[in-house]
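Fold and geometry: a report
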Amino acid sequence: MLDSLYDWFWWDRVWLPVNLTWSDLEDRDGLVYARASHLYVTVPYTIAFLLIRYLFESLIATPLAVSAGIRQRVRLKAEDNPILEHYYISQSRNPVQADIDGLSKKSSLSVRQVERWFRRRRSQDLPGVLKKFREASWRFVFYISAFIGGLIALYDKEWFYDTREVWEGFPKQSMLQSQYWYYILEMSFYGSLLLRVAFDVKRKDFKEQIIHHLATLALLSFSWCANYIRIGTLVMLIHDASDVLLESAKVFNYAKWEKTCKSVFVVFAIVFMVTRLIIFPFWLIHCTWVYPVLHYPAFFGYYFFNVMLVVLLCLHIFWAYLIVHMIKKFMFGNLTRDERSDFEEEEEDEEVESSLTEDEGEQQHKLGNGFSVSETEEKNGGFGCMSPPENMCRSKTVC
């Protein structure tokens, strides 16, 4: 059965145009073709990216953040309470009033104490500016490196200037070494993003990010195996172009370089709209939808590849909506945070700060469950030190 499934998956008619088989894409006469087995190397490279990221964030991004005046935010910790912790982890971070009343009875705490515990517990999970700065710095370094590398690999190629050349001689197009490394490194990077997405800053478009990463990896994998490499490199390049600006704007925002941040954000918005909503659909999707059938009859891979590109386009439109919404606030001077920021970050901070103000007198002394906070600690290391608002929205990726 497994053999039958394997044969069906790699059936020539799924991946290649009619009258072509895998035997036609075997290396010969100095021609080298991409093979599915080449992609196995992305596994160790993905692990390597995770390690390099850890070292970069620890040895470079963190000292850079400190020099920019960004410090790890110290948050008041919720006192240990197994009953409330179990509910928080297994049920909900935001219990309804009926559950709060029930938890109050089970834990022998007042309703107000239970509410305060959940506020503090949620606050503990909110990402700090230092964490966001490190993530944005890492993505910026990769995207600018990938974009420059992509330009070097493509600037002298005919298909970079005339998309009709993408399909000239397809699929018998020899793979170049620059294309090999461009693909392998991009796929490994997105693999590392997918593995880290649950641990990185969670934003409103969390599900869209998962869909995007999976669609990107599916597109790159398919285009590699079916030798859609020329169009694949073009897709990666135009996506990296705006991501460089986005991540740099976020870095400047976290460092409180407001004027620089706003200027870069305006440039990012323009580049995003041009590359993702104009060049991508009207040049690249047009290239993959119209030109191939001039060379060979449409086949399954043709439809699959175009459908995946349309999925990415839909995500671009979603992110473009958020960007336009931010530009509207920006023009009227009301842009105060990232439209994709953590679900509750600003609301939680305000709620906790309000709670601490109400309980200021109580917090100067030991609470009933043994938790203590001094007034000096609150002012210098607790919730009195709020992280600056975000101004950026993250796309992508291939946004």
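These numbers come from a predicted model, not from an experiment. (Residues numbered from 1 in each chain as written. Predicted model: local features only at pLDDT ≥ 70, side-chain atom pairs only at ≥ 80, totals over all residues. Heavy atoms only, no water.)

**A word on the confidence of the model for the protein chain**
Inclusion rule: Note: pLDDT gives the predictor's confidence per residue, expressed from 0 to 100. A run of H or I in DSSP counts as a helix once it spans at least four residues, and a run of E counts as a strand once it spans at least two, with each numbered from the N terminus. In this description, contact between two residues means that some pair of their heavy atoms is separated by no more than 4.5 Å.
Looking at the protein chain as a whole, the pLDDT averages 81, with 81% of positions reaching at least 70. When pLDDT is averaged over each element of the protein chain, helix 3 (residues 42–67) comes out on top at 95 and helix 16 (residues 375–381) at the bottom at 34. In this model residues 341–399 is a low-confidence stretch, pLDDT under 50, and it forms 169 contacts with partners more than four residues away in sequence or in other chains.

**Considerations on a nonpolar patch on the surface**
The criterion, for reference: Exposure above 30% relative accessible area and the absence of a salt bridge qualify a residue for a patch, where like charges join within 9 Å and nonpolar side chains (Val, Leu, Ile, Met, Phe, Trp, Tyr) within 5 Å. Areas reported here follow the Shrake-Rupley algorithm with a probe of radius 1.4 Å; residue values treat only the protein chains shown as occluding. Counted as salt bridges are all cases of a side-chain nitrogen of Lys or Arg within 4 Å of a carboxyl oxygen of Asp or Glu. Remark: exposure states derive from per-residue accessible area (1.4 Å probe, protein chains only) relative to the maximum for the residue type, with buried under 20%, exposed over 50%, and partly exposed in between.
Residues Val 266, Ile 270, Val 274, Ile 278, Phe 282 and Trp 283 make up a contiguous nonpolar surface patch of roughly 570 Å² in combined accessible area. Under the relative-accessibility criterion, Val 274 is labelled partly exposed at 35%.

**Remarks on the environment of Leu 195**
Relative to the helices and strands, Leu 195 resides in helix 9 (residues 177–196). Its relative accessible area of 49% is what places Leu 195 among the partly exposed residues. Sequence separation of Leu 195 and Leu 50 is 145 residues, and the distance between their C-alpha atoms is 8.8 Å. Sequence-distant contacts of Leu 195, defined by excluding residues within four places in its chain, comprise Thr 46 and Leu 50.

**Focus on the pattern of salt bridges**
A complete count under the given rule lists 12 salt bridges for this structure. A salt bridge links Arg 120 to Glu 79; the shortest N-O distance between them is 3.7 Å. With Arg 120 in helix 6 (residues 111–125) and Glu 79 in the loop between helix 3 and helix 4 (82–90), the pair connects residues that are 41 residues apart, well separated along the chain. On the basis of relative accessibility, which here comes to 1%, the residue Arg 120 falls in the buried class. Between Arg 196 and Asp 200 there is a salt bridge, and its shortest N-O distance comes to 3.1 Å. Classification of Arg 196 by relative accessible area gives partly exposed; the value is 25%.

**Re the packing of helix 3 against helix 9**
Note the cut-off: A fitted line through C-alpha atoms serves as each axis, taken over the contacting stretch for helices, and the angle formed by two N-to-C directions is quoted from 0 to 180°. Each helix crossing is assigned a hand: it is left-handed if the near helix lies turned anticlockwise from the far helix by less than a right angle, otherwise right-handed if that turn is clockwise. When residues are sorted by character, Ala, Val, Leu, Ile, Met, Phe, Trp, Tyr, Cys and Pro go into the nonpolar class, Asp, Glu, Lys and Arg into the charged class, and all the rest, Gly among them, into the polar class.
Put simply, helix 3 and helix 9 touch, their axes get as near as 8 Å, and they point 60° apart. The element helix 3 and its partner helix 9 pack so that their crossing is right-handed. The residues of helix 9 that touch helix 3, namely those facing Thr 42, Tyr 45, Thr 46, Phe 49, Leu 50 and Arg 53, are Trp 181, Ile 184, Leu 185, Met 187, Ser 188, Phe 189, Gly 191, Ser 192, Leu 193, Leu 195 and Arg 196. Of the residues assigned to the contact of helix 3 with helix 9, the class counts are 10 nonpolar, five polar and two charged.

**A short note on the nonpolar core**
Rules: Grouping buried Ala, Val, Leu, Ile, Met, Phe, Trp, Tyr and Cys residues that are joined through side-chain atoms within 4.5 Å yields what is termed a nonpolar core.
Ranked by size, the top nonpolar core spans 58 residues in total, and within it Trp 167, Trp 224, Tyr 228, Ile 231 and Phe 280 carry the most contacts. Counting residues per element, the ones that place at least two in this core are helix 2 (12–15), helix 9, helix 10 (206–225), helix 11 (229–254), helix 12 (258–290) and helix 13 (300–331). At 12 residues, helix 13 tops the list of elements feeding residues into this core. Setting aside anything within four residues of it in sequence, one finds Phe 280 in contact with Val 235, Ile 238, His 239, Thr 275, Ile 285, Leu 309, Leu 312, Leu 313 and His 316. Phe 56, Tyr 143, Ala 146 and Leu 193 belong to the second largest nonpolar core, which has 12 residues in total.

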